[in-house]
Amino acid sequence: MSARDKIERLQQLFPGSVTETQDPETGQVTLRVAPEQLHTALQAALGDAYCSAEKTMLTQVESYAFTWPGKTAARQQATAPVSVQFQPRPDLSKDPETTSNQLIIGDNLAALKLLREGSGTDSLAGKVRLIYIDPPYNTGNAFIYPDNFRESLRSYTARKPKTTDPEGQKAFDDDADHHGRIHADWLSFMLPRLIVARDLLREDGCIVISIDEHELPNLWKLCEEVFGAENFVECMVYDKKSSAKGVPPTKMIAGVHEYMLVFQRSSAFSFIGRPRSEEGFYNPDNDPRGPWRNTNCKSTVKDPREAFDVEDPATGRRFRDVWAFSPAEMARKAAAGELLFPKADGGQVRMKEYFNAFRNANIPIKSSWGLYDAQYNTQYLTRLMGTKVFLNPKHIRLMRDLLAYTTQGNDIVLDFFGGSGTTADALLSLNAEDGHQRRFVLVQLDVPVEPSSAAGKAGYTTIADLCRDRINRAGAALNPAEAHPNWDGNVGYRVLDLGPPTPVDLKVD
Ligand SMILES: C[S@@+](CC[C@H](N)C(=O)[O-])C[C@H]1O[C@@H](n2cnc3c(N)ncnc32)[C@H](O)[C@@H]1O
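Residues numbered from 1 in each chain as written. Predicted model: local features only at pLDDT ≥ 70, side-chain atom pairs only at ≥ 80, totals over all residues. Heavy atoms only, no water.

This part covers the sheet that holds strand β10 (residues 292–296). The antiparallel open sheet is built from 3 strands, whose spatial order is β10-β14-β13. Two strands lie at the open edges of the sheet, namely β10 and β13 (339–340), each paired on one side alone. Note that β10 and strand β14 (residues 350–354) share 5 bridges and pair antiparallel. Opposite W292, over in β14, you have Y354 as the bridge partner. (Pairing = 2+ DSSP bridges. Helix = DSSP H or I, 4+ residues; strand = E, 2+ residues; numbered from the N terminus.)

Laid out in structure tokens, this is it:
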């Protein structure tokens, strides 16, 4: 095995442990092992089994690093043993014998580890096609789920490793370090979860993470570390509102968009894209080759000296231009009736482009997804649930689009911040529409809802309870008569309960 092969293998096993350097003169790119990142990746992958807990000589050198107080402990959580077990709850499940959909009630870190091990259920290691998560955005607001990882200055400075100057004086300024306090706990919460989640992805799978500007920069760096910078695919955006109305502007600008960050497990991943639409193709002349559209056949790149004549077989008139096709191909098109000749001299020759001529049935999606109007979603959910029961659920159409662009067949979709269950709802209705058999695994903490909230007033006691009811309603709302002929009608799910989270499972430092 060559050195390069070995380094590439290292990169696959321990993403982020290899960097690329480019010779400024020759431009040649060389792969090199990055000692500190390798040390970090070994720790992440092997945990306690990795003997070097202390930083080695190799890591003493000054280097580019992304770190925060509590990071090492957070990493260790990815390999720490789990203190809970899955308890099957047939009483809360729907048709558990005939489905592999799962709703896990409990802390997602423990759940991810059990799913990786296959403890109490089939192992999902290397089996998940899409992981979608919508974690707390760390906006500083306390919603009905904890979304505030901003710890008090006192507890943060007590925990932060003391940096001292040569005289032994404390060398950092608490105020200047305000940033760390805001973000450290959120990062420590996310890191072990992402490390374990990566192990569940198929080689051709990806993770898509919803986020806003509060943690996007940190999340991006974190994902580069966990998945490898070379596995970044895209930072997609979509609009939540069509206008700035109701959005408090800052600096005369109103933020109306959110992000979905995409990292792949390996280069084997690709978006499926979306089906090519026949929109814009017509067949007014009953052309036996099917619907067509009127399109340009001139070249925009060729040299003007490459111009030649094309003859209209019906009239014998000749048209000279620089064509996008060879003389033989233009003559063939003319004879076959595929060229659209102008009625008058001086007009443009155009051509028929046939829908059936496209070999790829799908077209690439764009990174900007456009508008997913919150009003539509509120109406949809109110119809389904009877009232508005969850603050800021993801848009049902957004989730359906994401599932359609990334999954098919019997792909497994994992969402370990389940919330109100939008992912499961979208998956069930998309399967009914396109006849695929995707399966969901959702994890949702058993967070109690405020009795005074809309969810509380509607009779729900926990978010997991609400999520389960939404899945039931979404399944019941599907009409077999309108479904795809291949639809298997599977709207069941098995509930696995982890019991109340223990302090160990929820510990973030
Ligand atoms: C932003 S919400 C997700 C909303 C969801 N996408 C929807 O459309 O309804 C995040 C959810 O993650 C849950 N959550 C937070 N920490 C968790 C944990 N450690 N384990 C499992 N769920 C957790 C919260 O209770 C909350 O319901």
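Next comes the rest of the account.
So, about the sheet that holds strand β6 (residues 201–211). The sheet built from 10 strands is open, its strands ordered β3-β19-β4-β18-β17-β5-β6-β8-β7-β16 with mixed pairing. With partners counted over all chains shown, the strands left at the sheet margins are β3 (87–88) and β16 (368–371), one partner each. In terms of strand pairing, strand β4 (residues 102–105) meets strand β19 (residues 494–497) through 4 bridges, oriented parallel. Within β19, the position partnered with I105 by the bridge is D497. Packed on one face of the sheet, helix α10 (residues 396–406) meets β5 (128–133), β6, β7 (232–239), β8 (257–264), β16 and β17 (412–415) and runs near 155 degrees to β5. (Contact = heavy atoms within 4.5 Å. Axes fitted to C-alpha atoms, helices over the stretch in contact; angles between N-to-C directions.)

This part is about the pairing of strand β12 (residues 318–321). In terms of strand pairing, strand β11 (residues 308–311) meets β12 through 4 bridges, oriented antiparallel. Across the sheet, E311 pairs through a bridge with R318, a residue of β12. Taken together, β11 and the strand that follows it, β12, pair antiparallel across an intervening segment of 6 residues, in which G316 is found at a positive phi of about 80 degrees.

The next thing to look at is the site of the ligand. Near the ligand there are 20 residues, and of these D107, D134, K394, S420 and T422 occur at the shortest range. A distance of 2.7 Å is found between an oxygen atom of the ligand and a backbone nitrogen or oxygen belonging to K394. Between the ligand and S420 there is a distance of 2.7 Å, counted from an oxygen atom to a side-chain nitrogen or oxygen. Protein chains shield 98% of the accessible area of the ligand, which is 600 Å² for the free molecule. Of the residues that constitute the shell around the ligand, the class distribution is 9 nonpolar, 7 polar and 4 charged. (Near = heavy atom within 4 Å. Polar contact = N/O pair within 3.5 Å; in protein donor to acceptor, adjacent residues only side chain to side chain. Areas by Shrake-Rupley, 256 points an atom, 1.4 Å probe, with all protein chains shown as cover. Nonpolar A, V, L, I, M, F, W, Y, C, P; charged D, E, K, R; others polar.)

The next subject is the packing of aromatic side chains. Counted according to the given criterion, the structure contains 13 aromatic pairs. When the ring of F281 is compared with that of F358, the centres are 6.1 Å apart and the planes differ by 90 degrees; the resulting orientation is edge-to-face. With a gap of 77 residues between them, F281 in the loop between β9 (274–275) and β10 and F358 in the loop between β14 and β15 (362–363) connect regions that are remote in the sequence. Take F281: its relative accessible area is 7%, and that puts it in the buried class. (Phe/Tyr/Trp six-rings, centres within 6.5 Å; stacked < 30°, edge-to-face > 60°. Buried < 20%, exposed > 50% of the residue type's maximum accessible area, 1.4 Å probe, protein only.)

Detailed conclusions should not be drawn from predicted coordinates in areas where pLDDT is low. Summarising the model, the protein shows a mean pLDDT of 87, and 86% of its residues fall at 70 or more. Low pLDDT (under 50) marks residues 142–146, which in the prediction has 11 contacts with non-local residues, meaning those over four places away or in another chain. The low-confidence segment residues 504–509, where pLDDT is below 50, has 17 contacts with residues more than four positions distant or belonging to other chains. (pLDDT = per-residue confidence, 0-100.)

Here the focus is the pattern of salt bridges. The full count for this structure, using the stated rule, is 34 salt bridges. With a closest N to O distance of 2.7 Å, R116 and D199 form a salt bridge. Placement of R116 in helix α4 (residues 108–117) and of D199 in helix α6 (residues 178–200) is noted, with a sequence separation of 83 residues between them. Taking the relative accessible area as the measure of exposure, R116 reaches 23% and is therefore partly exposed. The class for D199 is partly exposed, based on a relative accessible area of 28%. With its nearest N and O atoms 3.0 Å apart, the salt bridge here joins D309 to R320. Of this pair, D309 sits in strand β11 while R320 sits in strand β12, placing them 11 residues apart in sequence. Residue class for D309 comes out partly exposed when judged on its relative accessible area of 31%. (Salt bridge = Lys/Arg side-chain N within 4 Å of Asp/Glu carboxyl O.)

Residue pairs three or four apart in sequence face the same way in an α-helix, which turns once every 3.6 residues. Compared with the 16 Å implied by 1.5 Å per residue over 12 residues, the 16 Å span of helix α7 (residues 216–227) between its first and last C-alpha is a close match. Regarding α7, the residues found buried are L216, N218, L219, L222, C223, V226 and F227. Down the axis of α7, the buried side of the element spans an arc of 155 degrees, and every buried residue falls inside it. At the exit of α7 stands G228, carrying a positive phi of roughly 100 degrees. (Expected span 1.5 Å × (residues − 1). Arc of directions from axis to C-beta.)

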